[in-house]
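Residue-level listing of the chains:
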Amino acid sequence: QVPLVESGGRLVQPGGSLTLSCAVSNLDLNIYTMSWHRQGPGKERDLVASLPPKDISPTYAESVKGRFAISRDVAKDMVYLQMNSLKDEDTAVYYCRARWDVGTIVMGDYWGQGTQVTVSA
């Protein structure tokens, strides 16, 4: 079973809102750092938001601070990215990632298949 499956991407108008979902399978959300990344046309894949396990605060790329919010529901094995005030430049394929490090050792590193978000009038 694929550990991470994203959904929710679609066409949305500038200024609109959208919530992406990442369904997590067979991974413990209490130990994995969950993050969202995006890759726009002709661009590198960049980190958008990161949520460490437990009660550690999330971090965001400067370009999305104040507009995007990452969250998780451990009981439902879900991770979300709430996106508000969307701009044309938010157009990208959005990927969910789960990573678990113990010191310098990578214990697990998984990516979803991506979901397309297009912001256009």
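Notes on the structure in this doc start here. (Residues numbered from 1 in each chain as written. Predicted model: local features only at pLDDT ≥ 70, side-chain atom pairs only at ≥ 80, totals over all residues. Heavy atoms only, no water.)

Let us look at the sheet that holds strand 3 (residues 18–24). Note on sheets: strands pair through backbone hydrogen bonds, and any given pair is parallel or antiparallel. Across the sheet, four strands lie side by side as 1-3-8-7; this open sheet has antiparallel pairing. Each edge of the sheet is formed by a strand with only one pairing partner; in this case those strands are strand 1 (4–7) and strand 7 (68–73). Pairs of neighbouring strands in the sheet enclose a mean axial angle of 15°, with direction left out of account. Relative to strand 3, strand 1 is paired through four bridges, and the arrangement is antiparallel. By the bridge assignment for strand 3, Ser 7 is matched with Ser 21. (Pairing = 2+ DSSP bridges. Helix = DSSP H or I, 4+ residues; strand = E, 2+ residues; numbered from the N terminus. Axes fitted to C-alpha atoms, helices over the stretch in contact; angles between N-to-C directions.)

With that settled, consider the pairing of strand 11 (residues 115–119). Residue alternation in strand 11 divides its side chains into a buried set, Thr 115, Val 117 and Val 119, and an unburied set, Gln 116 and Thr 118. Pairing of strand 2 (residues 11–12) with strand 11, which is carried by two bridges, proceeds in the parallel orientation. Bridge pairing in strand 11 links Val 12 to Val 119. Across three bridges, the pairing between strand 9 (residues 92–102) and strand 11 is antiparallel. Each residue of the ladder has a partner; that of Tyr 94, found in strand 11, is Thr 115. (Buried < 20%, exposed > 50% of the residue type's maximum accessible area, 1.4 Å probe, protein only.)

Here we take up the state of the cysteines. Applying the stated criterion across every chain, the model contains one disulfide. Here Cys 22 engages in a disulfide with Cys 96; their sulfurs sit 2.2 Å apart. When the S-S torsion is -85°, as for the bridge of Cys 22 with Cys 96, the disulfide is left-handed. Taken together, the residues span a long stretch of sequence, with Cys 22 in strand 3 and Cys 96 in strand 9 at a distance of 74 residues. In this structure, Cys 22 and Cys 96 share a single accessibility class: buried. (Disulfide = S-S within 2.5 Å.)

Below, the discussion takes up the nonpolar core. Core analysis: the largest hydrophobic core is formed by 28 residues, its most contacted members being Met 34, Trp 36, Leu 81, Met 83 and Tyr 94. Elements that contribute at least two residues to this core include exactly strand 3, strand 4 (33–39), strand 5 (45–51), strand 7, strand 8 (78–83), strand 9 and strand 11. Those residues in contact with Met 83, other than ones at most four positions away along the chain, are Gly 16, Ser 17, Leu 18, Leu 20, Arg 67, Phe 68, Tyr 94 and Val 117. (Core = buried A, V, L, I, M, F, W, Y, C linked by side-chain atoms within 4.5 Å. Contact = heavy atoms within 4.5 Å.)

Attention shifts here to the packing of aromatic side chains. For any two aromatic rings, the description comes down to two numbers: the centre-to-centre distance and the angle of the planes. What the rule picks out here adds up to three aromatic pairs. Between the aromatic rings of Tyr 32 and Tyr 110, the centroid separation amounts to 6.3 Å while the plane-to-plane angle is 50°, which identifies the pairing as tilted. Remark: Tyr 110 occurs in strand 10 (residues 105–111) and Tyr 32 occurs in the loop between strand 3 and strand 4; sequence separation between them is 78 residues. Note on Tyr 32: relative accessible area 6%, which makes it buried. With relative accessibility at 31%, the residue Tyr 110 sits in the partly exposed group. (Phe/Tyr/Trp six-rings, centres within 6.5 Å; stacked < 30°, edge-to-face > 60°.)

A few words on the environment of Asn 30. Its location among the elements puts Asn 30 in the loop between strand 3 and strand 4. We classify Asn 30 as partly exposed; its relative accessible area is 39%. As a C-alpha pair, Asn 30 and Asp 55 span 25 residues in sequence and 9.7 Å in three-dimensional space. Filtering out sequence-adjacent residues up to four positions away, Asn 30 remains in contact with Pro 53, Lys 54 and Val 74.

So far we have only geometry, and geometry alone does not tell us how the molecule works.
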